[in-house]
Amino acid sequence: MAIAQWLNQTVGFFVFFFLDIFDYLFCFIYKTLDLFFEYEWKPCYCSSPLEAQAKTRKIIVSERGDYSKVVSMTRTKIHFDEISDTLYSRGPSLLVRLSKLVSSVKCLNCRGLIMRHNVVESCDNNDESKKKTRSGSNKRLMTLNSTVVEKLPTTPRWSDCHCSFCTSWLSPSNNDSLFVKVQQPKDNKKARDNVVFIHGFLSSSSFWTETLFPNFSDTTKSNYRLIAVDLMGYGRSPKPNDSLYTLREHLEMIEKSVISRYKLKNFHVVAHSLGCVLALALAVKHPRAIKSLTLLAPPYYKVPKGVQAAQYVMSKVAPKNVWPPMQFGASLISWYEHLGRTVCLVLCKSHRLVDSLTRLLTLNRMRTYLIEGFLCHTHNGSWHTLHNIIFGSGGKLDSYLDYVRDHVDCDVTIFHGGKDEVIPVECSYSVKTRVPRATVHIIPDKDHITIVVGRQKEFARELELIWQTSKTTYK
């Protein structure tokens, strides 16, 4: 065991060192290609926050803790968003350390001259600044030019897929709300209850509609309105290329597209992986509306005191290991912005070819609905969702779970695959320590996907039992 771990770390050191180099090179390659195809030198997270904000509509107003405060502007509103610090500081790669060392050596030569210049300049300006302080206000005002507050770009980037499926959201009737798949009784008034399904990372509503929806009993189909959404950036939902895909943006789109649109006063929630974070945030925001919470593989990591939560969660989800393959894949898309974009360029842009080849090789014996979620997304959406939701919420889940425990009067049920290599089983047990009334079910020999896929009939029965026995009392 010790030898295998040593071998994994040794091989990983060299593999990720070369990946650091490749990602550094691809940074310049993509900037050149962006300039060629889009006539604009696009900023990336290899730049410092101040360099990036000079080239984008996002203004960073503070940097502290696990996230930064960012001002984002639309045509009618100004929003303050929180972005994860893992976007700009994903860890000290060897290449970055070397470049910083070279830069620091260069700075030493001119630091003395700069200090002398600053001393002279501060003396000259001291009297003038004092006068301005006395005569003016101490408050800093921010003025906005109306020509700057424009609608954010919605057209897909050159490296994104432009097929009719991936761009269906660009039609005027679809570009301001999520794609929602609804299964309900013919007579809408007979729907006794509502259930909202929220998929996980690199997935879509088909994760539910192709597995669970056909397997619910006739009684459930005639009494429940089942609602599955494609989260922003996935499937047939909007994929704005200038969005930061923050928790606020995801929640507002769910509220607008589901809760407000269907006038839901109360509902059950079923969520998988990433969706569990959004489900808990919804429960905090709408405590009296939640009838039951069913969480599958919730990504909740107990963060030690004094440790930056986002960085800690990232180190757990993507620990830079080459084995097992799931961890290597998670590390690749988490740590390397430009290599991740290359994967999306190669696979996501050719998802129709991948789908056709899969059908051909399996003689149409394999259903390919999982490809829709795994490949029908943009790199911008998946990259920001991964960092701002999964990693960035690491410091918030404690308070969310405490609020659910004390103020959300509903049953909480957790399912987790015993062989899940993406989110460890300990995460579900950690949720129970925070919410003691939660019930945890560990499904042996099932992983992150097969906890539903392959046992959809059994899981449909389990969900029906949860909904029928939910004991929510409204205050």
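Note that the structure is predicted; figures quoted are calculated from it, not measured. (Residues numbered from 1 in each chain as written. Predicted model: local features only at pLDDT ≥ 70, side-chain atom pairs only at ≥ 80, totals over all residues. Heavy atoms only, no water.)

(A) Just the nonpolar core, in detail. In terms of nonpolar packing, the biggest core is built from 68 residues, with Ile198, Leu231, Phe267, Leu280, Ile290, Leu293 and Leu295 touching the most fellow members. The element contributing the most residues to this core is helix α7 (residues 274-285), with 9 residues. Residue contacts for leucine 293: discarding those within four places in its chain leaves Val269, Ala279, Leu280, Ala283, Val404, Cys410, Asp411, Val412 and Thr413. Core analysis: the next-biggest nonpolar cluster, separate from the first, contains 23 residues, Phe197, Trp208, Phe213 and Ile466 among them. (Core = buried A, V, L, I, M, F, W, Y, C linked by side-chain atoms within 4.5 Å. Buried < 20%, exposed > 50% of the residue type's maximum accessible area, 1.4 Å probe, protein only. Helix = DSSP H or I, 4+ residues; strand = E, 2+ residues; numbered from the N terminus. Contact = heavy atoms within 4.5 Å.)

(B) Molecular detail of the packing of aromatic side chains. Per the stated rule, a full pass over the model turns up 20 aromatic pairs. Taken together, a centroid distance of 5.7 Å and an interplanar angle of 70° make the contact between phenylalanine 17 and phenylalanine 18 edge-to-face. On the basis of relative accessibility, which here comes to 25%, the residue phenylalanine 17 falls in the partly exposed class. Considering the side-chain rings of phenylalanine 197 and tryptophan 208, the 5.4 Å spacing of their centres and the 45° angle between planes classify their relative orientation as tilted. You can see phenylalanine 197 sitting in strand β5 (residues 193-198) and its partner tryptophan 208 sitting in helix α4 (residues 206-209), a full 11 residues away along the chain. On the basis of relative accessible area, phenylalanine 197 is assigned to the buried category, the value being 0%. Ring pairing ties together the aromatic residues Phe197, Phe207, Trp208, Phe213, Phe216, Tyr224 and Trp467, which thus form one cluster. A cation over a ring is seen here: arginine 236 above phenylalanine 179, with NZ or CZ 4.0 Å from the ring centre. (Phe/Tyr/Trp six-rings, centres within 6.5 Å; stacked < 30°, edge-to-face > 60°. Lys NZ or Arg CZ within 6 Å of the ring centre and 35° of its normal.)

(C) Representation of the sheet that holds β5 within the structure. Read across the sheet, 7 strands follow the order β4-β6-β5-β7-β8-β9-β10 without closing on themselves; strand pairing throughout is mixed. Strand pairing shows two members of the sheet lacking a second neighbour, β4 (180-183) and β10 (439-443), which therefore form its edges. Each adjacent strand pair in this sheet contributes to an overall mean axis angle of 15°, direction not counted. The pairing of strand β8 (residues 290-296) with strand β9 (residues 411-417) spans 5 bridges and is classified as parallel. From the neighbouring strand, threonine 294 faces β9, where its bridge partner is threonine 413. Packing against the sheet, helix α15 (residues 426-434) makes contact with β9 and β10, and its axis sits at approximately 170° to β10. (Pairing = 2+ DSSP bridges. Axes fitted to C-alpha atoms, helices over the stretch in contact; angles between N-to-C directions.)

(D) Spatial organisation of the UniProt feature "transmembrane region" (unreviewed entry) in the protein chain. Under the local residue numbering, the UniProt record ascribes the feature "transmembrane region" (unreviewed entry) to residues 6-30. Its end C-alpha atoms 35 Å apart, residues 6-30 is made of 100% helix and 0% strand. (UniProt positions renumbered as here; feature names shortened; annotations may be inferred.)

(E) Representation of the packing of helix α1 (residues 2-38) against helix α9 (residues 325-335). Following both chains from N to C, one finds α1 and α9 inclined at 25°, their axes separated by 12 Å at the closest point. Judged by the inter-axis angle, α1 sits roughly parallel to α9. Here the hand of the crossing between α1 and α9 comes out right-handed. Residues Val15, Phe16 and Leu19 of α1 form the contact with α9, whose own contacting residues are Phe328, Ser331 and Leu332. (Parallel < 35°, antiparallel > 145°, perpendicular 65-115°, else oblique. Left-handed = near helix turned anticlockwise from the far one by under 90°.)

(F) Structural view of helix α11 (residues 351-361). Along α11, the residues that are buried comprise His351, Asp355 and Thr358. Projected onto a plane normal to the axis of α11, the buried residues spread over an arc of 65° and lie on a single side. Along α11, exposed side chains directed more than 90 degrees from the buried face belong to Arg352, Leu353, Leu360 and Leu361. Tucked into the core, α11 has its buried residues touching α10 (337-347) and α12 (369-375). Within two residues after α11, leucine 363 carries a phi angle of roughly 55°, on the positive side. (Arc of directions from axis to C-beta.)

(G) Layout of unusual backbone geometry. The omega torsion across tryptophan 323 and proline 324 is 0°, close enough to zero to call that bond cis. Looking at where proline 324 falls in the secondary structure, it is placed in the loop between α8 (309-317) and α9. Even without being glycine, serine 273 reaches a positive phi, approximately 55°. Relative to the helices and strands, serine 273 is located in the loop between β7 (267-272) and α7. Accessibility expressed as a relative area gives 6% for serine 273, which makes it buried. A positive phi angle, near 60°, is found at aspartate 445, a position not held by glycine. Inspection of the secondary structure puts aspartate 445 in the loop between β10 and α16 (456-468). Residue class for aspartate 445 comes out exposed when judged on its relative accessible area of 58%.

(H) The arrangement of the side chain of asparagine 321 in detail. With respect to the helices and strands, the residue asparagine 321 is situated in the loop between α8 and α9. Overall, asparagine 321 belongs to the buried group, its relative accessible area being 18%. At a separation of 2.9 Å, a polar atom in the side chain of asparagine 321 contacts the side chain of glutamine 327. Excluding residues that lie within four positions of it along the chain, asparagine 321 makes contacts with Asn8, Phe16, Gln327, Phe328 and Ser331. (Polar contact = N/O pair within 3.5 Å; in protein donor to acceptor, adjacent residues only side chain to side chain.)

(I) The pairing of strand β6 (residues 224-229), seen in detail. The buried count for β6 comes to 6 of 6 residues, which makes it a mostly enclosed element. Both faces of β6 are covered, namely the face carrying Tyr224, Leu226 and Ala228 and the face carrying Arg225, Ile227 and Val229. Pairing analysis gives 4 bridges linking β4 to β6, with the strands arranged antiparallel. Note that in β6 the partner of glutamine 183 across the bridge is leucine 226. Direction of pairing for β5 relative to β6: parallel, over a ladder of 6 bridges. Bridge pairing links isoleucine 198 to valine 229 in β6.

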